[in-house]
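# Coordinate analysis (summary)
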Amino acid sequence: MSNLEFLNPLILTSLTPLAGLVILFFTPATKESLCRLIALNTTCVTFLFSLILWLRFDSHTSLFQFSVTFDWFPSINLYYTLGIDGISLFFILLTTLLTIICILVSWSSVKSLVKEYLICFLLLEFFLIQVFSVLDLLWFYIFFESVLIPMFLIVGIWGSRERKIRAAYQFFLYTLIGSLLMLIALLTIYFQVGSTDLQLIGYYNFSEIKQIIFWLAFFASFAVKIPMVPFHIWLPEAHAEAPTAGSVILAGILLKMGGYGFLRFSIPLFPEACIYFTPLVFTLSIIAILYASLTTLRQVDLKKIIAYSSVSHMGFVTIGIFSLNLHGIEGSILLMLSHGLVSSALFLCIGILYDRYKTRILKYYSGLMQVMPIFGIFFLFFTFANLGFPGTSSFIGELLVLVGAFQLNRILTFFASIGMILGAAYSIWLFNRISFGTLRTQYFKLFQDISRREFWILLPLTFLILWMGIYPISFLSEMHFSVLGLIEQLV
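Notes on the structure follow. Predicted model, so just to flag it, every value in this text is computed and none were measured.

### Some details on the overall build of the protein
What the protein contains, in helices and strands, is 22 helices and two strands. Taking 2.2 N^0.38 as the reference for a compact globule, 491 residues should give roughly 23 Å; the C-alpha atoms of the protein span a radius of gyration of 22 Å, in line with that estimate. Seen through its C-alpha atoms, the protein measures out along the principal axes to roughly 70 × 60 × 40 Å. Classification of the 491 residues of the protein by burial places 62% in the buried group. Surface summary for the protein: the accessible area is close to 18,600 Å², and the carbon and sulfur share equals 69%.

### Examining unusual backbone geometry
A cis amide bond links I226 with the next residue in sequence, P227, at an omega value of -10°. Within the secondary structure, P227 sits in the loop between α10 (208-225) and α11 (234-241). In this model, L113 sits at a positive phi of 50°, which is unusual for a non-glycine residue. Judged by relative accessible area, L113 falls into the partly exposed class, the value being 46%. A positive phi is found at K358, a non-glycine position, where the angle reads about 60°. Tracing the backbone shows K358 in the loop between α17 (326-357) and α18 (373-386). Look at K358 and you get exposed, because its relative accessible area is 57%.

### Brief notes about helix α22 (residues 473-488)
Over its 16 residues, α22 extends 22 Å from the first C-alpha to the last, a length consistent with the 22 Å expected when each residue adds 1.5 Å. Along its length, α22 reaches its greatest deviation from straightness, about 40°, at H480. Considered for burial, the residues of α22 that qualify are S474, F475, L476, E478, M479, S482, V483, G485, L486 and I487. Contacts from the buried residues of α22 go to α3 (32-55), α4 (86-105), α13 (256-269), α17, α19 (393-406) and α21 (452-470).

### Some thoughts on the environment of F475
Assignment of secondary structure puts F475 in helix α22. For F475, a relative accessible area of 5% puts it in the buried group. Spatially, the C-alpha atoms of F475 and L254 are 21 Å apart, while their sequence positions differ by 221 residues.

### Examining the packing of helix α6 (residues 137-146) against α10
Between α6 and α10, whose axes approach to 13 Å, the crossing angle comes to 35°. The element α6 and its partner α10 pack so that their crossing is left-handed. Counting all contacts with α6, which are made through L137, F140 and F144, the residues of α10 involved are F218, S221, F222 and K225. The class makeup of the residues in the contact of α6 with α10 is five nonpolar, one polar and one charged.

### Description of the side chain of T61
Following the sequence through the fold, T61 ends up in the loop between α3 and β1 (65-73). In terms of polar contacts, T61 uses its side chain to reach the backbone amide nitrogen of L63, at 3.1 Å. Excluding anything up to four places from it in sequence, T61 contacts F481 and S482.

### A short note on helix α2 (residues 9-25)
For α2, built from 17 residues, the straight-helix expectation of 24 Å at 1.5 Å per residue is met to within 8% by its first-to-last C-alpha distance of 24 Å. The largest bend in α2 amounts to roughly 30° and is located at L15, with the proline P17 lying one to four residues further along. Two or three places before L10, at the opening of α2, N8 has a side-chain oxygen 2.9 Å from that residue's backbone nitrogen.

### A few points about the environment of A19
By the element assignment, A19 lies in helix α2. On the accessibility criterion, A19 (41% relative accessible area) is partly exposed. The spatial distance from the C-alpha of A19 to the C-alpha of T42 is 8.0 Å, given a sequence separation of 23 residues.

Here is what the cut-offs are and how they apply
Residues numbered from 1 in each chain as written. Predicted model: local features only at pLDDT ≥ 70, side-chain atom pairs only at ≥ 80, totals over all residues. Heavy atoms only, no water. Helix = DSSP H or I, 4+ residues; strand = E, 2+ residues; numbered from the N terminus. Rg over C-alpha atoms; globule rule 2.2 N^0.38 Å. Buried < 20%, exposed > 50% of the residue type's maximum accessible area, 1.4 Å probe, protein only. Areas by Shrake-Rupley, 256 points an atom, 1.4 Å probe, with all protein chains shown as cover. Expected span 1.5 Å × (residues − 1). Bend = angle between axes of the 7 residues up to and from the residue. Contact = heavy atoms within 4.5 Å. Axes fitted to C-alpha atoms, helices over the stretch in contact; angles between N-to-C directions. Left-handed = near helix turned anticlockwise from the far one by under 90°. Nonpolar A, V, L, I, M, F, W, Y, C, P; charged D, E, K, R; others polar. Polar contact = N/O pair within 3.5 Å; in protein donor to acceptor, adjacent residues only side chain to side chain.

Now the structure itself:
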């Protein structure tokens, strides 16, 4: 590899977490403060390199940029190829940003096995960056599954309650079993085409029956990750047992891997199957929106409320993706980015309450606006962002998804709109129960508003949600030509 390739910002973004891992590995575990500083500095440098990706990104082409190929097994046409386009750019930025927040939010809350905890997050960041930048089916599958290992450890070891082992195994087995079918399809494609290179496979025309079979195999994996109903059972349990940082990375990034998989692989490689299965996806999406919204209203665990609302929002995302038009796909990408920010912020707010009062049961909270006014203001803003209030990022994403769906089916749009009404109902209900009413002094004696560290964690998320909601063109312009190139492959 030449020196010029080392200066490629995508290579630098990919290798920085590995460099931090090596330094952290040789740092004594007893020096916890030093371990935290190494992890924080590593994630900050990775984020800066990812910003360079955005600054140097050419938004006027749909081609993959910053591409680099490494010879792995050239004798059997297996290479390690990296590259990004307007679809994957912001997922990398979201990954590098939220990893910083995960390190900061667990700065004082994680007291055991600190070095191992930080290694898991740096490893997770490396795997996720590869998932969103690798241009090879085999390597995508390897990193797609590798994400399970550090996440399994984070939930199982540093989880907050007694059921954490069960939740970790449930998360691991659900997603692993769903991906086995994708592995079989991947091997079949390799023996038919002779390569797993995404750009090369894109020129190969599969028969309609093979497209249907391959699409179903990939769908089994991506639908579990999003997750779509009825493959969502693992999500509320994993969220409820994970530490705050685990919930942030799970809701903010891991749920987006399924949607990204549909955009990167299912649509360009199996276009006829995508059109064939569109009614099925729409049906499952509407069921997810309505079922998850109604289920949210009857939850008593604060984390499960946000987890079920995530299932509902992902229903909008799949509607946008399979509307297979410009508005719908751009709206789904924007909604995934928005959900990554908003749901992460809500989980951070729940984590703030749990760190202070050691419970997530809703009935113990009431009237917190009287004693935690700054927290209440942040929580109000993120609640309105979650319900898609105009001026926030979710509104733009949901509006574009509904515009895309309206071009296909007005009945579909009507039922999706009911989901927006239910979303407003559970969001306002949750905020009202926590912030207003009589203060429950019989349960809690001491009250403390957010700290300076928590304030500076929540502030950039607030800024980004407003930026995306008020000036979305700065995001849409970067992905526009990539989405157009994706749609052209359907014609």
